[in-house]
Amino acid sequence: MAFGSKQTTAEVDTALVRSLQKVEAGQPLLQVRDLTVTVHARKGDYDVIHGVGFDVRTGEILGVVGESGCGKSLTMSAVMRLLPSNLETTGGTIAYRGVDLARLPERDMEVMRGGDLSMVFQDPMTALDPLYTVGSQMLETIERHLDKHGQEAREVAVDYLRRVGLSEPEKRMDQYPFELSGGMRQRVIIAIALCCNPSLLICDEPTTALDVTIQAKVLDLVRDLQRQMGNSVVFISHNMGVIATLCDRVIVMYGGRIVERGTVDDIFYRTTHPYTTGLLACMPTLEGPREEPLVPIPGMVPDPRKMPLGCPFAPRCPHCMKVCRQQVPPEFDLGGDHACTCWLCAARGTSGKLLQTPAVAGPLQKEAPHA
Amino acid sequence: MPSTNDAAPLLEVTGLAKAFPMRVGRHKQKVPVVEGFSLYMQRGESVGLVGESGCGKTTVGRTICGLYERDGGTVRIDGHEVGASREDEALVHKTIQMVFQDPYTSLDPRKTIADILAEPLKVQRLAPKDQWRELAGKAVESVGLKRDCLDRYPFSLSGGQRQRIAIARALICDPQLVICDEAVSALDVSVQAQVLNMLADLQAKTDVAYLFISHDLAVVRHLCSRIVVMYLGRIVEEASTDELFSHPRHPYVEALLSAVPEPDPQRARAKRRVELEGELPPLTDLPQGCIFSTRCPFATKECLAARPQLEECAPGHRVACTRWRDLQLKGTDELVEAIAAPAAPAAES
Ligand SMILES: Nc1ncnc2c1ncn2[C@@H]1O[C@H](COP(=O)(O)OP(=O)(O)OP(=O)(O)O)[C@@H](O)[C@H]1O
Ligand SMILES: Nc1ncnc2c1ncn2[C@@H]1O[C@H](COP(=O)(O)OP(=O)(O)OP(=O)(O)O)[C@@H](O)[C@H]1O
Ligand code: SF4
Ligand SMILES: [Mg+2]
Ligand SMILES: [Mg+2]
């Protein structure tokens, strides 16, 4: 807010834009390495994100799955530099087109947010200001980041409201958030995130509160954005159906770490980590026999203050071995984009460069295999 | 009118109606939110109630169990027509219990779990005071928790544990029907699976019936043998679960099935979607004729002429669509067009 004056924004803008590198399609747009997030608490600090590393390539949709509390939102809030005040990024780099966001001055970061980078937050109720009309909130973003004004800006806003499937978009512009249903509000938020055509759009559970028919519309819209404009999307969801429908690649998170990553087919058809297997087995499906009991994962997500010593999943894992309770497993390369952080891969003799690392727990994912 | 009768269905609802005061233009007037809702349920049966947000599912649940006064229609329990007398009210409370969506607000934060569970026993005078604790202990065990949680407060439990307590509270009076309103929607997939399994186990043991309100079709498919689909306060289709998923007869139901994301990439890629135009019309300004006509891809003049009533299109299968005879709608498997056999099946382990 403090740097909100237009002049400042524009000046910072040009200098920053010059420093951003061009990225070819399919190349990494965002490279996160060794990201560590720490909670500052009276009783002592502790980490909630433990050295996470991943890439988002140009023109892809990357899905992020995992149970509640696995660190999906915090990882992405750290990328956007929007962590709650008691949390801090204490390690790692966040390279966006060659610029390390972790070290960017806040005023530059403000220019990036809403323009190049945009995020749709999990809690839709806090994202809109109840005192302003839908139109004025959209126009503010458009004027600030697209440098379009008056009628021209209005046309962009109306166009995006129509694209998210809202009827009578002209009328919606003059309505206040309370006059809209929950589903309509959520689509307004998505329209605001999309209207500046961000290179990287981060969506945190944006469709959880929506009806399936509207959810399907929003997923189409996100896919159109990516196909037509070649933008990149990170899509956080706990719904495996949404992930299978939308994403090119997927990362599975557990206990503040990435436990498996791969193409969507790797994750669904060549499932390797016991946690991913567990997530898939506990979901009711639309095909096959109906009445078979589901297979829940026993136990609960670990409390970040009481992380188990070795593999974070060990207390709940049906395949847990001795080594699992002693050392954090390294990430094993399974070929292509597929990698898995589980000692079973070593036991199975999976070929891969990380297999050669001595069986000593080192920092995870120092270099993601597909960097 | 039959009096209580073992051959009668456990619950029989006919022509249920509920209206709420809403602002129409400048005036407030009573607007029907649910109309002509009919349902029968047998002992030990699970029926799913699905439909878009605001279509009246919660209103139906609350009206059936007497939390809202009904504006029309009849409710029969074991063939006995429920009136306004205190005895009838007590019969409803004894037979039907409701579990609400939000495990965070539905439990009183100032009471221990033991007190929360004793409350219905106290109010309905179902057991003497010295038995409350024992019954509460049995109830928490029946939902898969340990007795030591009895002296804890709701805030010290996880969301899944709290939802189990809410279910235990509904079960403690030994009801014959539990209305679960989005009871697993706020839970994580793994906890959701635990609660769904628990509900199925309890049903196998006690023959309790569930009216399961949810917007998640995969969850409803898993738990329920019959499904009722609502749109704008009316039933548009009702069928056995397998029939509804394989041969939907209402265009809205086909659109709904087509919109459910498939948790399998190959099926997801091959799935055809039926798009719906426009928004849900406001309850204060319902469309002429068929209530779905403003969004239906198949609407004709005929559909606008008169409102189609629910009619039986196959045994146990009811639909409210003027054109059900000539439409060839697709079920979930047909919506997923001929796909190549899946690649390698899920890996070892
Ligand atoms: N402001 C905070 N202070 C302390 N701990 C926090 C804070 N926010 C989140 N955490 C903790 O960090 C961990 C990761 O939280 P995060 O919100 O990233 O989970 P998530 O994967 O997004 O879960 P969900 O699916 O519920 O959104 C959790 O254990 C959570 O309790
Ligand atoms: N107590 C009330 N007073 C006035 N209107 C109400 C009341 N309860 C519900 N309504 C209205 O009745 C309609 C149906 O609401 P209801 O809560 O039954 O829908 P629902 O199908 O349960 O939706 P959801 O899936 O969002 O829970 C809505 O338009 C709602 O605004
Ligand atoms: S490392 Fe061990 S405990 Fe962890 S997931 Fe693999 S087998 Fe299970
Ligand atoms: Mg989150
Ligand atoms: Mg409801």
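Residues numbered from 1 in each chain as written. Chains lettered and ligands numbered in written order. Predicted model: local features only at pLDDT ≥ 70, side-chain atom pairs only at ≥ 80, totals over all residues. Heavy atoms only, no water.

### Section: the overall build of chain B
Then, number 1: Broken down by element type, chain B carries twelve helices and twelve strands.
Then, number 2: The C-alpha radius of gyration computed for chain B amounts to 22 Å, which stays within 12% of the reference 20 Å derived for 349 residues, consistent with globular compactness.
Then, number 3: Projected onto the principal axes, the alpha-carbon positions of chain B cover approximately 65 × 60 × 45 Å.
Then, number 4: Relative to its 349 residues, chain B shows a buried fraction of 54%. (Helix = DSSP H or I, 4+ residues; strand = E, 2+ residues; numbered from the N terminus. Rg over C-alpha atoms; globule rule 2.2 N^0.38 Å. Buried < 20%, exposed > 50% of the residue type's maximum accessible area, 1.4 Å probe, protein only.)

### Quick word on the site of ligand 1
All names here are of chain A.
Then, number 1: Within the structure, ligand 1 sits among 15 residues, and S68, G69, K72, S73 and Q122 are positioned closest to it.
Then, number 2: Between ligand 1 and G69 there is a distance of 2.8 Å, counted from an oxygen atom to a backbone nitrogen or oxygen.
Then, number 3: In the model, an oxygen atom of ligand 1 is placed 2.7 Å from a nitrogen or oxygen of the S73 side chain.
Then, number 4: A total of 640 Å² of accessible area belongs to ligand 1 in isolation, and the protein chains cover 70% of it. (Near = heavy atom within 4 Å. Polar contact = N/O pair within 3.5 Å; in protein donor to acceptor, adjacent residues only side chain to side chain. Areas by Shrake-Rupley, 256 points an atom, 1.4 Å probe, with all protein chains shown as cover.)

### Here we look at the interface of chain A and chain B
Then, number 1: With 50 residues of chain A in contact, the opposing surface of chain B contributes 47 residues.
Then, number 2: Counting each side, the surface lost to burial between chain A and chain B is near 4200 Å², with a carbon and sulfur contribution of 55%.
Then, number 3: Summed over the shared surface of chain A and chain B, the result is four salt bridges.
Then, number 4: The residue A:E287 makes a salt bridge to B:R267 at a minimum N-O spacing of 3.2 Å.
Then, number 5: Linking chain A with chain B are 18 residue pairs in polar contact (both at pLDDT 80 or more), by the criterion used here.
Then, number 6: Elements that contribute at least two residues to the side of chain A that touches chain B include exactly α8 (182-194), α9 (212-229), α10 (240-246), α11 (264-269) and α12 (274-281) of chain A.
Then, number 7: Broken down by element, the residue count for the side of chain A that touches chain B peaks at six residues, all from α9(A).
Then, number 8: Here the side of chain A that touches chain B is built from residues that sort into 21 nonpolar, 15 polar and 14 charged. (Contact = heavy atoms within 4.5 Å. Buried area = accessible area lost by both parts, 1.4 Å probe. Salt bridge = Lys/Arg side-chain N within 4 Å of Asp/Glu carboxyl O. Nonpolar A, V, L, I, M, F, W, Y, C, P; charged D, E, K, R; others polar.)

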